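Structural overview
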Amino acid sequence: MKSSAQVVVIGGGVVGASVLFHLTELGWTDVVLVERKELTAGSTWHAAGGMHTLNGDPNVAKLQQYTVELYREIERRSGQNCSIHMPGGLMLAGDRERMDWLRMAQARGRYLGMDMEIISAAEAKRMFPLLEEHYFIGALFDPTEGHVDPTGVTRAYAGCARQAGAEIYQRTWVSGLRQRPDGTWDVITESGEIHAEHIVNAGGLWAREVGRMIGLELPVLAMEHMYLITEDMDEVAEYNAATGHELPMGLDFDGELYIRQEGGGMLLGTYEQACVPWSPRETPWTFDQQLLTPDLDRIAPSLEIAFKHYPALADAGIKNVINGPFTFAPDGNPLVGPVPGVRNCWMACAVMAGFSQGGGVGLTLARWMIHGDPGEDIWAMDVARFGNWASLAYTNAKVRENYRRRFRITFPNEELPDGRALHTTPVYDRLTAHNAVWGASFGLEHPLWFQRPGEEPREDVTFRRSNAHPVVADECTTVRERVGLTECSNFAKYRVTGAGSAGWLQGLLTNGLPRVGRINLTAVLDPSGHIVGEFSVARVGTDDFFLFGSQIAEAHHSRWFLGHLADGVRFDVLGLSLVGLSLAGPGARDVLQSVTGASLATENYPFMTFRRIDVGMIPAYVGRMTYTGDLGYEIWVAPEYQRALFDLLWQAGKPYGIGLFGFRALMSLRMEKMFGTWAREYRPIYTPVEARMHRSLKLDHDFIGRDAVEAELASGPARTLSYFEITPDPAEPADVVGDEPIWHGGAVVGWVTSGAYAHYSRRSLAFGYVPSELAVPGAMFEVEIIGQRRPARLLPEPVLDPAGQRMRV
Ligand SMILES: Cc1cc2nc3c(=O)[nH]c(=O)nc-3n(C[C@H](O)[C@H](O)[C@H](O)COP(=O)(O)OP(=O)(O)OC[C@H]3O[C@@H](n4cnc5c(N)ncnc54)[C@H](O)[C@@H]3O)c2cc1C
């Protein structure tokens with residue numbers, strides 16, 4: 001065994017093997033993989049090996065596509081048979097909602113070049129004669145679906161990696177990890193120590209335990225999962241003989257099951273409602289290529305549906321039942337990337353669909369380690385999308401919810417209930433008393449909208465407009481015509497202090513620094529000129545700043561800042577030690593002025609001022625800024641003052657017709673003003689030039705990514721963030737939710753990033769990226785919304801107050 005290596009990958013399942021392979025592919029060959037038993041000894045060996053490209057996040061779908069397409073290559077290069085079967089797959093819809101969902105999935109696939117086809121139930125029956133047609137109303141056929149041999153694939157990755165110089169040590173347990181002061185690692189194994197520059201946790205079923213070796217509590221939990229294999233069936237043999245090929249795979253949402261041919265019989269797996277976590281607190285190291293006791297009673301409801309939907313199964317003998325554990329993160333997506341706050345420590349775990357995702361995880365992690373950037377938009381898989389609030393018990397609740405809902409639709413306006421309300425601000429009870437309908441983001445409860453008094457605070461889930469629509473319209477009117485109050489604690493807040501802060505920040509921020517007492521908007525870029533984040537920067541002293549950014553990216557962004565920290569500079573994540581309320585609307589100044597001695601007149605407190613003032617008796621930082629586009633103030637206080645602040649503003653606002661508004665209204669109001677948002681318009685795959693963040697780009701100073709920006713400004717961006725007015729279907733109006741394809745001249749040319757119905761202007765609006773040469777004001781496009789291509793006109797400017805006068809009054 002080597003005593004040193006550039007990278008030690010811990011775990012020889014399909015994911016660890018893929019990481020090892022991709023590291024060598026990208027040029028790092030002094031790499032080793034350490035496996036406690038044999039390759040595949042965790043979840044991998046007993047997997048059903050199914051693979052598909054479909055995923056709720058198109059960026060993950062793209063990586064799944066990459067994974068599926070990789071198998072022939074590693075099979076060829078390694079000489080290891082992967083038993084690749086590509087019969088295609090049917091996703092079967094039993095009702096209209098599911099059909100809508102499939103149409104949306106098909107549409108999302110279009111701009112990724114995925115060639116999926118909506119077919120009738122009769123066609124599905126023809127392709128898959130085992131099904132009983134009358135239970136279905138249609139299906140989506142994806143030719144890029146199939147299955148592989150899990151062991152073959154793992155060995156093929158390993159074989160290719162070995163050919164390139166990687167070494168693999170089996171029967172070698174990593175029992176401890178010790179970090180040296182220089183950030184490198186001593187990996188302690190049964191057979192000695194390896195000194196490594198980087199470690200990768202690909203521990204699969206033991207990823208949580210490997211995390212604990214360095215004091216991390218990863219949000220990972222294993223669930224039991226069952227599938228059964230039937231004896232050979234005459235119906236299968238007849239189909240094979242008649243068509244000369246294998247039956248396609250089937251995904252039956254109503255039955256919460258998947259089905260495919262296995263040899264001469266069928267394989268049937270379920271995501272049962274009575275799901276059971278496995279080893280919820282600790283995975284035993286003694287567990288070794290074992291299976292769990294099957295429990296057919298638990299999956300009986302799914303089997304009953306299966307026997308109705310596929311009657312031939314009812315008469316087929318069961319040859320084998322597999323029950324094995326595999327791991328999930330709370331949202332079902334993998335945990336990939338550098339661990340915030342721990343140098344040279346990388347995650348590649350919680351991969352619940354190793355055969356769909358393993359290749360993409362390996363590729364992006366290897367790029368991230370070698371090039372400092374994953375090279376794809378892997379926000380949905382970033383280990384930093386969870387914070388400390390994702391405790392063991394929270395993870396348990398959410399993973400069970402996610403498992404039960406694996407084949408359920410999650411509507412765009414749906415908020416999942418488990419593991420809530422966990423994380424709340426002091427005004428939670430006040431807002432609940434005002435009939436708030438709550439959402440959760442980065443674990444924190446935030447008000448979506450306020451139901452009318454006497455009515456149940458609940459939103460109907462739908463792809464179209466919900467019962468919130470008219471109420472949110474009223475909230476928007478309150479803001480635009482009088483004054484609205486909302487909570488704004490769901491921003492990430494950071495404080496940067498210490499001598500040298502200004503110089504350090506200036507080297508990261510694309511905009512110039514604001515003067516003391518002022519605030520401005522800025523972007524942070526990576527060296528290739530892609531957007532790391534966008535922030536409001538408030539300066540309260542020469543070397544004293546507040547930064548406000550997206551809350552869901554709090555761990556993601558703080559990892560970036562801390563990774564670039566300079567000596568003497570302090571970067572603090574403020575979390576809920578600073579909470580906020582926001583006043584917006586033409587009456588906002590009158591309300592706030594009535595409770596503060598500080599003059600808020602524009603000449604004394606102009607737009608984009610940020611100062612420490614007293615509001616009533618409450619010490620506060622008040623920024624005159626707005627995301628609604630109206631006159632507005634964000635008032636930041638320590639949490640112990642938030643209730644008093646709420647009561648004070650609420651009382652003071654009464655003469656001015658104050659009303660509460662929530663996140664849904666905010667999204668509608670910001671669309672009217674053409675304000676983009678993080679994780680939608682601004683993501684790491686876009687550049688600030690594409691995203692038209694020109695006002696935040698000042699080339700009078702040096703900052704990370706500046707050269708790339710200059711080059712792109714000179715050549716012009718390939719694509720441009722554009723703003724559209726959509727004409728919805730008048731019979732059944734629906735607005736965009738994001739990721740819909742944009743058509744032009746009969747071809748898909750771009751995609752929607754987000755949108756909303758702009759209540760005050762009565763227009764359905766959307767943002768999306770299209771090729772720059774097409775981004776011409778007035779140009780006509782089509783946006784595909786739930787299977788319908790709706791006209792979309794490219795608008796040159798915000799539909800409301802394009803000169804921005806309302807916020808400056
Ligand atoms: C019944 C069942 C059916 C499934 N069907 C499918 C399917 O059809 N399609 C699909 O894509 N996925 C399927 N899966 C999921 C799939 O098995 C997983 O996504 C995949 O195996 C995860 O691989 P991994 O490498 O992350 O983890 P694992 O396979 O668990 O590998 C982790 C490895 O790390 C090793 N290790 C851990 N700690 C240490 C240590 N300290 N020192 C040394 N070695 C260590 C372990 O021994 C193990 O070999 C199924 C799972 C089950 C249970």
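Scroll up for the structure.
Attention here is on the structure that accompanies the text. Worth saying up front: this structure is predicted, and the values here are computed from it rather than measured.

Taken in spatial order, the six strands close into a barrel running β33-β36-β35-β34-β37-β38, and their pairing is antiparallel. This sheet shows a mean twist of 45° between the axes of neighbouring strands, independent of strand direction. Here strand β37 (residues 780-785) pairs with strand β38 (residues 788-795) via six bridges, running antiparallel. Following the sheet pairing, Ile785 is matched in β38 by Gln788. Strands in contact with helix α18 (residues 663-672) are β33 (719-726), β35 (747-758) and β36 (763-771); relative to β35, the strand with the most contacts, it is inclined by about 120°.

Viewed as axis vectors pointing N to C, helix α1 (residues 14-25) and helix α2 (residues 58-78) meet at an angle of 75°, and their least axial separation amounts to 13 Å. With respect to α2, the element α1 is oriented roughly perpendicular. Counted together, Phe21, His22 and Glu25 of α1 and Tyr66, Leu70, Ile74 and Arg77 of α2 form the full contact between these two elements. When the residues that make up the contact of α1 with α2 are grouped by side-chain class, the tally is four nonpolar, one polar and two charged.

Our next topic: the nonpolar core. One finds Tyr271, Phe328, Phe781 and Val783 to be the most contacted residues of the largest nonpolar core, which totals 50 residues. Looking at this core element by element, the count peaks at five residues for helix α3 (residues 96-110).

On to the site of the ligand. Taken together, 40 residues surround the ligand, and among them Glu35, Thr44, Gly50, Val351 and Gly354 come closest. Contacts to the ligand include Gly49, whose backbone N or O atom sits 3.2 Å from an oxygen atom. Here a nitrogen atom of the ligand and a backbone polar atom of Val174 are 2.9 Å apart. Considering the ligand on its own, with 1000 Å² of exposed area, one finds that the protein chains cover 97% of that surface. Breaking the shell around the ligand down by element, the ones donating at least two residues are α1, β12 (221-230), β17 (318-328) and α10 (354-371). Residue classes in the shell around the ligand are distributed as 22 nonpolar, 16 polar and two charged.

Okay, the environment of Leu485 next. Tracing the backbone shows Leu485 in strand β22 (residues 483-487). With relative accessibility at 0%, the residue Leu485 sits in the buried group. Residues Leu485 and Thr410, spaced 75 residues apart in sequence, show a C-alpha to C-alpha distance of 30 Å. Leaving out residues up to four positions away in the same chain, Leu485 has contacts with Leu581, Ser582, Leu583, Phe646, Leu649, Trp650, Ile658, Gly659, Leu660 and Phe661.

Take unusual backbone geometry next. A cis geometry characterises the amide bond from Arg420 onward to Ala421, with omega recorded as -15°. The backbone of Met674 sits at a positive phi, close to 65°, despite the residue not being glycine. In this fold, Met674 is placed in the loop between α18 and α19 (706-715).

Analysis parameters
Residues numbered from 1 in each chain as written. Predicted model: local features only at pLDDT ≥ 70, side-chain atom pairs only at ≥ 80, totals over all residues. Heavy atoms only, no water. Pairing = 2+ DSSP bridges. Helix = DSSP H or I, 4+ residues; strand = E, 2+ residues; numbered from the N terminus. Axes fitted to C-alpha atoms, helices over the stretch in contact; angles between N-to-C directions. Contact = heavy atoms within 4.5 Å. Parallel < 35°, antiparallel > 145°, perpendicular 65-115°, else oblique. Nonpolar A, V, L, I, M, F, W, Y, C, P; charged D, E, K, R; others polar. Core = buried A, V, L, I, M, F, W, Y, C linked by side-chain atoms within 4.5 Å. Buried < 20%, exposed > 50% of the residue type's maximum accessible area, 1.4 Å probe, protein only. Near = heavy atom within 4 Å. Polar contact = N/O pair within 3.5 Å; in protein donor to acceptor, adjacent residues only side chain to side chain. Areas by Shrake-Rupley, 256 points an atom, 1.4 Å probe, with all protein chains shown as cover.

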